[in-house]
Amino acid sequence: MTKSAIATDNLSKSYGSGVALDALSLAVGIGEVFGLLGHNGAGKTTTVNVLTTLLEPTRGNAEVAGHSVTADAMGVRAAIGYLPENVQFYDNLTLMENLRFFARLSGLRRPDQRIHDVLRILDFEGHDRQRVGTFSKGMRQRVGIAQAILHSPSVLFLDEPTSGLDPEGVRTLRETIVRLNAEFGMTIFMNTHLLSEVTKTCTSIGILRNGKLVHQDTLARTLADFPGEESLEEIYFRLESGHVS
Amino acid sequence: MLTTRRARTAHLLLFVFIGMIIASSIIGWVTNRTVTGVYEKVVADGLTTAPNPFAGVTPLYYLRNAVIYVVLIGSLMAIVLGVQATLRDRKAATTDLVLSRPVGSVSRLLGQLAGLGVVLAASIGISFFVSWVIISVINGAPLGWADTGRVIGFALLSWVLLTTFALLGMLTGLRSKQETTALLVPFVIWSAVAFVLPQIGTAARPVSLLNPVPAVSSTGGYFDIVSMVTGPVSMTEQFKTASSIILQDTAVTGNAAFSILILVGVLAVMMVIVAATPRSRMRSGLNE
């Protein structure tokens with residue numbers, strides 16, 4: 001059994017009387033690419049926000065890279081990289097200046113060499129003096145990945161990383177995710193709507209419905225368990241709707 | 001700090017502020033030359049034996065208008081910079097990127113304040129250095145150590161006032177639900193502090209408004225109580241008092257130490273209020 005990079009135990013989050021996350025217990029092994037699926041409002045972003053310590057859970061606990069999100073938030077933050085959905089950067093700064101800022105926040109004192117290394121990994125060299133405000137959505141998303149991996153995190157959280165990208169951008173991002181996982185052993189946790197991308201990148205999946213985890217397994221086992229279904233999309237709709245025999 | 005430095009609004013306000021401060025010295029110089037020119041003609045015509053009214057003024061006289069420009073232009077510049085600093089992060093959702101790093105919310109806010117403080121210090125430093133040079137040129141010799149010390153004192157006090165207004169801008173940038181409110185609220189507070197509160201003090205002595213001859217000062221009673229309450233709150237008035245005394249304006253009376261204490265106290269309180277902003281508030285989006 002693989003050791004968990006992420007483990008949650010009865011993790012709950014409420015906003016007033018509304019329950020966004022209801023006793024979530026899941027485990028993501030080290031080196032996995034985990035896709036969290038669910039309709040809008042199912043609690044995917046809340047899950048990521050709690051796991052990245054941006055939100056405090058109402059009940060329960062979670063450990064990320066061996067650090068508790070409640071007792072050792074700073075430890076979690078030092079160990080993770082995070083790319084929120086639809087994030088923007090400092091548009092009037094260059095790519096290099098943006099990345100320097102985020103690198104220093106992560107504790108890198110002389111980050112320039114590391115930034116160049118990361119830009120090389122992402123095949124994104126030659127833009128370092130360009131202002132981020134002039135970048136396309138796809139380029140910005142690569143800036144987002146770059147800032148997230150500057151400090152070599154062991155766990156990378158991506159919230160709807162393909163949102164708003166054109167097919168070319170989606171493919172580039174997918175290749176990047178696969179490469180980061182294969183070459184650097186990064187555990188990747190991503191929320192997504194694109195089921196076709198999940199089948200191409202994820203090793204395991206979880207499905208959330210109204211804040212509750214209704215399914216979690218490896219992608220291979222999930223597909224094998226539903227031999228009558230043509231695609232992950234069909235399986236997803238059956239699991240999400242609760243019509244599982 | 002870099003984003004603030006690159007912002008166009010910041011550039012515009014900075015140029016206006018620096019321009020006004022420099023203009024203050026030039027206006028003083030032109031006034032001196034004009035009045036002295038007329039005076040010399042009047043003396044030559046044998047129409048007066050009175051001394052030149054500019055004969056006894058200190059070199060710092062030329063900087064006195066700058067007190068008003070700091071209160072008017074400088075404060076507005078500081079508010080806009082403060083609002084931009086915090087509102088930008090909320091609009092662009094970069095707060096989430098920052099707060100997912102091993103950085104506390106207090107460190108983040110104090111870091112932003114430090115950046116603003118440096119930008120304001122640079123603006124004030126440039127303005128006052130150029131003023132120092134102009135005054136030295138007018139004077140025909142560099143300002144002495146004592147006068148230079150007074151210019152530095154005035155600059156430091158200006159920084160305290162502007163940083164307080166920048167903090168006010170940061171606070172409304174963090175707390176407001178809409179961008180327009182974030183700018184409007186500090187402007188309203190600024191106008192109340194700069195114009196309404198001092199008027200309350202003046203209106204409490206209606207005779208002084210109506211009668212050009214100074215009223216005999218009265219002690220005690222309701223008017224003084226009102227003045228005692230509104231006086232310290234009107235920090236721009238405290239700034240004017242302390243700055244004028246530092247610049248050796250003999251027409252202004254008051255306790256400079258008390259005024260400086262009030263200004264530094266308000267700055268400290270504002271710092272604590274801004275630093276106490278919860279993470280959830282820093283991350284909150286705008287209703288636009």
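Note that the coordinates shown come from a computational prediction; the quantities given were computed from them, not determined experimentally.

With that settled, the discussion passes to the interface of chain B and chain A. Contacts between the two partners involve 16 residues from chain B, matched on the other side by 22 residues from chain A. Contributions of two or more residues to the side of chain B that touches chain A are made by α1 (2–6) and α4 (94–99) of chain B. A per-element tally of the side of chain B that touches chain A places α4(B) first, with five residues.

Our focus in this paragraph is the sheet that holds strand β10 (residues 204–209) of chain A. Residue and element names in this part refer to chain A. Within the open sheet, the six strands sit side by side as β7-β8-β9-β4-β10-β11. Their pairing is mixed. Edge positions in the sheet fall to β7 (80–83) and β11 (212–218), since each has one partner strand and no second. Neighbour-to-neighbour, the strand axes of the sheet open up by a mean angle of 15°, direction not taken into account. Inspection of the sheet shows strand β8 (residues 155–159) paired to strand β9 (residues 187–191) by five bridges, in the parallel sense. Bridge pairing in β9 places F157 opposite F189. In the packing of helix α5 (residues 137–149) onto the sheet, the strands contacted are β7 and β8, and the crossing angle to β7 comes to about 165°.

This part takes up the packing of helix α5 (residues 105–139) of chain B against helix α6 (residues 145–175) of chain B. Residue and element names in this part refer to chain B. Direction vectors running N to C along α5 and α6 enclose 145°, while the axes themselves pass 9 Å from each other. Judged by the twist between their axes, the crossing of α5 over α6 is right-handed. Packed against α5, whose contacting residues are Q112, L113, L116, G117, L120, A121, I124, G125, F128 and W132, the element α6 presents T148, V151, A155, S158, W159, L162, T163, A166, L167 and M170 at the interface. Looking at the contact of α5 with α6, its residues break down into 14 nonpolar, six polar and no charged.

Let us look at the UniProt feature "domain: ABC transporter" (unreviewed entry) in chain A. UniProt annotation of "domain: ABC transporter" (unreviewed entry) refers to residues 6–235 of chain A when read in the numbering used here. End C-alpha to end C-alpha, residues 6–235 of chain A measures 25 Å, and it is 37% helix and 26% strand.

With that out of the way, let us pick up unusual backbone geometry. Residues and elements named next belong to chain A. Not every positive phi belongs to a glycine, and N10 is a case in point at roughly 50°. C-beta crowding within 10 Å serves as the criterion here: with 13 such atoms nearby, N10 is assigned to the partly exposed category. Residues other than glycine seldom take positive phi values, yet N210 does so here, at roughly 50°. Along the chain, N210 falls in the loop between β10 and β11. A residue is classified by how many C-beta atoms lie within 10 Å of it, and N210, with 14 of them, is partly exposed.

What counts, and where the lines are drawn
Residues numbered from 1 in each chain as written. Chains lettered and ligands numbered in written order. Predicted model: local features only at pLDDT ≥ 70, side-chain atom pairs only at ≥ 80, totals over all residues. Contact = placed C-beta atoms within 7 Å. Helix = DSSP H or I, 4+ residues; strand = E, 2+ residues; numbered from the N terminus. Pairing = 2+ DSSP bridges. Axes fitted to C-alpha atoms, helices over the stretch in contact; angles between N-to-C directions. Left-handed = near helix turned anticlockwise from the far one by under 90°. Nonpolar A, V, L, I, M, F, W, Y, C, P; charged D, E, K, R; others polar. UniProt positions renumbered as here; feature names shortened; annotations may be inferred. Buried ≥ 20, exposed ≤ 12 C-beta atoms within 10 Å, placed from the backbone.

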